[in-house]
Each structure stands twice: as C-alpha cells, then as structure tokens.
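# Observations on chain architecture
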Amino acid sequence: MTVKARRVAVIGAGPAGAIATDALVKEQAFETIRVFDRRPGIGGTWIYTPHLPTAIPWLSDLVSGKADVAVPPPSQLPAVTPISEEVNGHQRRFSDTALHEHLHSNITPELMAYTQEPFPGTLSARTLADYGPGAPFRHHSTIREWVEGIFSRGGHEKLVELSTTVERAEKVGGEWVLTLRKEARGRNYWWRETFDALVVATGHYNVPWFPSVPGLLEYDQRFPGRILHSKHFRSAAKFKGKRVVVVGASISAHEVVHEILSVAQTPVYASIRGEPIPAFGWEPFLHPDIVVKKEITRLDSETGRVHFADGSSLDDVDHIIFGTGYTFSVPYLAHVQERISNAYRRLPGVYQHTWDIEDPTLTFVGMLGGGFTFRIYEWQAVAVARHLAGRAKALPPIPEQLEWERKRVAERGGGKDYYSIAPDYGAFFELLRDIAGEPAPGTTGRVLPPFDDKWLELWTGMVTHKIEGFQRKRKRAEEAKGILKARL
C-alpha cells in the first residue's frame, strides 16, 4: 500500500517526537504537521516532575495489565468539562516521569545525538566527581534542554500543542480522527481534528511493570507504601537508615541501588532472577555493601517476611523497590491496546518496531531499546517521514511482515529481548536507511549516513566507562572497610 499523506499528527514531544517532527518538516511534503503532548512543556520523559506525589495506583490493575485505561470523551464535542481525578489525575493517567534528581544519561553523547544536533559538553558536579572531565554522561536537565533546542532551532514550537492529551485516535472513513483534550484555566477543553497519518512517539516509560510474585497484592494491602517502583524513586533521602530490597538487574536497578547505598541500612539487597544484563555483568552488584539474593518467590503479608528462591528470607524490610521496567500502553488506540493486552510486554502487529502491519498510515518512533538511543530514532523518523510522503521504498507484503513478527516472537519471546535491537545494530540501521532512501531532489530532507562500525567502539567504551565507575566505588568501599578492620 502506497501512502501519501498531507496531514500528519505526531503524538509526543520528547526526543522521538522532536526528531519525527523535524524529519517531517524537512521532507517538505506535508500541508499540516501537528504535535500533541499532554505535559505542559517540551521534553517528554525528560521533564522532571518532583512536585507530583509518587505512588503506585491500583497495583492489582498494573499486575493484571488493566491499568492506564482510556477516558471516555463527552458525548458532544467541542465541550468544556471540569477538572477531575479520573481525567486529570497524574497517577491514574501515569503522566509523571521516571526521573530522579541525579538521573543521568547512560549512553555516550555521540550515540545519543542526532546527526545534525550534537549534544552539549555540559557536565554536572556529580558526573565530574564520579567519572572525571572526560565522562560521557549528561544530567537529565541537559538532555531536556537539548530536546527543546531541536524544536526551537527549527522553528517547530508553533506546531506543538502542549497540555493536550490525545484521548482517542480512530480511523473513520479513511481519516484518523483524534479526540483531543487540553487542560487550561482550570478546565478541560475537548475537540476533534482529522489527519491522514499518525506518528506515535510517546515512548514506553510511562506504565510500570511488575513480575508476578505470590503474595504481592496482599503484601501491598497489609503494608501500604512498602512496595515501590523505580519510576517513583526521586532521591535517596527517603531511604536513610532503611532496610531495602531492590528487585531487578538492569539499568534502573543499578541506579537505585547505588543512589541509596550511602544512606540506606547496609547491606542493600539486590534480588536478581537469572543473570544481569550482559553489557555490565555482575560488576554493579560487587560492592561490599550489596548482598545479592535470588528472585523473590513469596511475600508473606502476615509477617512481612520476604522469601527468596535460594530458600533464604528477610524480615523487617522497610521497602521493596521494583526496578523491573515498563510495559507498552497506548490507551487512545483501542485496537492496538487490545493487542498489547494479549501479548507479553511488546508492541504487537508492528513491523520492525515502526510500521503498523494492518495500516501503514499508523507509525511508531522510539518504541524500542537495546542501545543506540536516541540515534536510532532519527533513522526511524526519516524512514517514516519519507514513507508517509510516498517517497520511501515500499514495505514488504503483509505476509512477509507478519512472518517477521512471528519469527521474532519464536526466537525472542516478549519483553526487552523482543524490542531490543541488540546485537544486530548495523543491520537495523541499514534496513531503515534502505527503506528511507535519499532525500527527494530540491528538498531539505535529512540524509542518513551508513552505519559506522566506529559507533560500536563508542558503545563498548561507554560501557567500560560505567563499569570502571562501579569498580572505583567498590575499591573505595573495600579500602575503607580494610582501614576500619585494621583500627579494630
């Protein structure tokens, strides 16, 4: 199916939405480009929201996959309705972000940056202290400013409608009809707009995911506030002197463990199922004040005891922080949300994480992981922009797209393994570049360079930088304990 859209809506004004918007504008093929973001500023998940109270709403709904439901619009539009918890509550709508005060990027700037938008060299005091002046990590405020700059330098702010939630997106008579809600002046203002195509760039770091643990819901009811998710971690202060178990072995778990290590009761316990992510291995957990436990097998709501797979248990635990990632959620796209509910932590029915198989006027940018973010978003964005302009290489026939998905599920299952582009980085970059092709003559379309193997060297160096930081921290602690033992 050849697509030639005139009117395109971008949902999300974070890193993925920024590059999608810029790619669409530079293609010079569209009459209307509109960008909608529910937050009051540009930046997406890189907007820091410490003012919003943190809590897990309806843990049972999260565990059962029934959280983040669509809000029914008024029967007659346009309309104005009062503010309400059901419609506007940030916990119910998962509109707060997962940033904590010291959160930094974990990918080197050369790989995060887009080809025409380099990252600034600004380093925070924390980065300088932990990694030195050559550190590749940037504070979250620097990243948000960078995202804002993509919109402002291109003059794209005029395309953005902030504090505006896409509450419903449905195909009617060959057009996408968006039901929109803007929160302003203490009211909700509702209306509809129509488009030929959609670019969903809202990311997948909004709705927390919890593993199924026997006794979890009863434990949460008996000990409210004890079960937490890393999304709601804001600072270490809350955990001073507390006995803490952190669940998970990926980036979120690393960060939480090391953020609280200097203030929490030691040891801090790291509950890990299987092996940690290969890039970092066990190094983040070798600090002498960290004790590794197997996965949690049961939570006893009567005694508060935490049971582990190795037969051990812990009493008097103050907090269990799940650094177990997120699930996909697009409640405004009812048919896609239905697919998500019937799959395991992935975006089903989408070819190469980018094109809806049933309807190629529905596209996705930034719904993947495994490294090379944000850089890979640019390749997706350019391929999508050129596809929607009718200038890209044709997508494979639907049976081939379905077979790609079937094979990927068979080989990788769901979760991070499914939506990670590792280790086939080069192949994925080149696939998108091949579909995008070159810019049309006489246009300002973005040019995608070939994948450079030097990027893999940068990736390895970035991981090494992080590992060396963990090693230095461990060595300092071991030396301090050695001195203490000598004095005793």
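Below you will find a few notes about this structure. (Residues numbered from 1 in each chain as written. Predicted model: local features only at pLDDT ≥ 70, side-chain atom pairs only at ≥ 80, totals over all residues. Heavy atoms only, no water.)

### Digging into helix α14 (residues 425-436)
For α14, with twelve residues, the first-to-last C-alpha span of 17 Å sits near the 16 Å given by 1.5 Å per residue. Of the positions making up α14, those classed as buried are Tyr-425, Phe-428, Phe-429, Leu-432, Ile-435 and Ala-436. Looking straight down α14, one finds its buried side chains confined to an arc of 130 degrees; they lie on one side. Once α14 finishes, Gly-437 follows within two positions and takes phi at roughly 70 degrees, a positive value. (Helix = DSSP H or I, 4+ residues; strand = E, 2+ residues; numbered from the N terminus. Expected span 1.5 Å × (residues − 1). Buried < 20%, exposed > 50% of the residue type's maximum accessible area, 1.4 Å probe, protein only. Arc of directions from axis to C-beta.)

### Some details on the nonpolar core
Proteins that are soluble and globular tend to have nonpolar side chains buried together. In terms of nonpolar packing, the biggest core is built from 97 residues, with Leu-178 and Leu-333 touching the most fellow members. Among the elements that line this core, the one with the most residues is helix α11 (residues 375-388), at nine residues. Apart from residues lying up to four places away in sequence, Leu-333 is in contact with Ala-169, Trp-176, Leu-198, Val-200 and Leu-362. (Core = buried A, V, L, I, M, F, W, Y, C linked by side-chain atoms within 4.5 Å. Contact = heavy atoms within 4.5 Å.)

### Re unusual backbone geometry
Excluding glycine, residues mostly carry a negative phi; peptide bonds, for their part, are mostly trans. A cis amide bond links Thr-266 to the next residue, Pro-267, at an omega of 5 degrees. Along the chain, the position of Pro-267 falls in the loop between α9 (251-260) and β12 (268-271). Geometrically, the link from Ala-422 to Pro-423 is a cis peptide bond, its omega value of -5 degrees lying close to zero. Counting through the fold element by element, Pro-423 comes out in the loop between α13 (416-419) and α14. Notably, Arg-345 is not glycine yet its phi reads approximately 45 degrees, a positive angle. By secondary structure assignment, the location of Arg-345 is in the loop between α10 (334-341) and β19 (350-351). On the accessibility criterion, Arg-345 (9% relative accessible area) is buried.

### A closer look at the sheet that holds strand β6 (residues 175-184)
Taken together, the four strands give an open sheet; going across it, the order is β3-β7-β6-β5, and neighbouring strands pair in antiparallel fashion. Strand pairing shows two members of the sheet lacking a second neighbour, β3 (79-82) and β5 (164-172), which therefore form its edges. Looking at each pair of strands side by side, their axes are set apart by 25 degrees on average, direction ignored. With nine bridges connecting them, β6 and strand β7 (residues 187-195) associate as antiparallel partners. Within β7, the residue paired with Arg-181 across the bridge is Trp-190. (Pairing = 2+ DSSP bridges. Axes fitted to C-alpha atoms, helices over the stretch in contact; angles between N-to-C directions.)

### Observations regarding the sheet that holds strand β17 (residues 319-322)
Across a sheet, strands are paired by hydrogen bonds formed along the backbone, either parallel or antiparallel in direction. As summarised here, the arrangement of the five strands in space is β10-β17-β11-β12-β13, forming an open sheet in which the pairing is parallel. Because the sheet does not close on itself, it has two edges, and the strands there are β10 (227-229) and β13 (290-293). Here the average twist between neighbouring strands, direction ignored, is 25 degrees. Relative to β17, strand β11 (residues 244-247) runs parallel, the two being bridged by four bridges. Paired with Val-247 across the two strands is Phe-322, which belongs to β17. Its contacts with the sheet put α9 on β11, β12, β13 and β17, and the angle it makes with β11 is roughly 160 degrees.

### Some points on α10
Every buried residue of α10 is listed here: Val-336, Gln-337, Arg-339 and Ile-340. All buried residues of α10 lie within an arc of 155 degrees about the axis, which places them on one face of the element. Elements in contact with the buried residues of α10: β19, β20 (355-356) and β21 (362-364).

### Some thoughts on the pairing of β7
Note: β3 against β7, four bridges, orientation antiparallel. In the strand pairing of β7, Pro-82 is matched with Arg-187. What sits between the antiparallel neighbours β6 and β7 is a turn of two residues, in which Arg-185 has the positive phi angle 50 degrees.

### Quick notes on the side chain of His-140
Tracing the sequence through the fold places His-140 in helix α7 (residues 140-153). Setting aside its immediate chain neighbours within four residues, His-140 contacts Trp-46, Tyr-48, Leu-99, His-100, Glu-101 and Leu-103.

### Here we look at the packing of aromatic side chains
Counted according to the given criterion, the structure contains 27 aromatic pairs. For the ring pair Tyr-131 and Phe-137, a centre distance of 4.9 Å and an interplane angle of 65 degrees mean the geometry is edge-to-face. This pair shows no difference in class: Tyr-131 is buried, exactly as Phe-137 is. Taken together, the ring pairs connect Phe-372, Trp-379, Tyr-425, Phe-429, Phe-451, Trp-455 and Trp-459 into an aromatic cluster. The ring of Phe-223 has Arg-226 lying over it, and the distance from NZ or CZ to the ring centre is 3.9 Å. The ring of Tyr-418 is capped by Arg-346, whose NZ or CZ atom sits 4.8 Å from the centre of that ring. (Phe/Tyr/Trp six-rings, centres within 6.5 Å; stacked < 30°, edge-to-face > 60°. Lys NZ or Arg CZ within 6 Å of the ring centre and 35° of its normal.)

### Some thoughts on the packing of helix α1 (residues 15-27) against α11
Where α1 contacts α11, the axes come no closer than 8 Å and their chain directions differ by 40 degrees. Considered as vectors, α1 and α11 are oriented oblique to each other. In this structure, the crossing between α1 and α11 has a hand that is right-handed. Contact residues: Pro-15, Ala-16, Ile-19, Ala-20, Ala-23, Leu-24 and Glu-27 in α1; Tyr-377, Glu-378, Ala-381, Val-382, Ala-385, Arg-386 and Leu-388 in α11. Classifying every residue of the contact of α1 with α11 by side-chain character gives eleven nonpolar, no polar and three charged. (Parallel < 35°, antiparallel > 145°, perpendicular 65-115°, else oblique. Left-handed = near helix turned anticlockwise from the far one by under 90°. Nonpolar A, V, L, I, M, F, W, Y, C, P; charged D, E, K, R; others polar.)

### Side note on the packing of α1 against α7
Closest axis-to-axis distance for the α1/α7 pair is 9 Å, and the angle between their directions is 20 degrees. The angle between α1 and α7 places the two elements in the roughly parallel class. Judged by the twist between their axes, the crossing of α1 over α7 is left-handed. Each of Pro-15, Gly-17, Ala-18, Thr-21 and Asp-22 in α1 lies in contact with α7, whose residues at this interface are Val-147, Ile-150 and Phe-151. Among the residues forming the contact of α1 with α7, the class breakdown is five nonpolar, two polar and one charged.

### Observations regarding the pattern of salt bridges
Per the counting criterion, the structure on display carries 31 salt bridges. We note a salt bridge from Lys-26 to Asp-22, for which the minimum N-O separation is 3.0 Å. Placement of both Lys-26 and Asp-22 in helix α1 is noted, with a separation of four residues, approximately one turn of the helix. Each member of the pair, Lys-26 together with Asp-22, is buried. Between Arg-391 and Glu-27 there is a salt bridge whose closest N-O contact spans 3.1 Å. Taken together, the residues Arg-391 in the loop between α11 and α12 (398-412) and Glu-27 in helix α1 connect sequence positions 364 residues apart. (Salt bridge = Lys/Arg side-chain N within 4 Å of Asp/Glu carboxyl O.)

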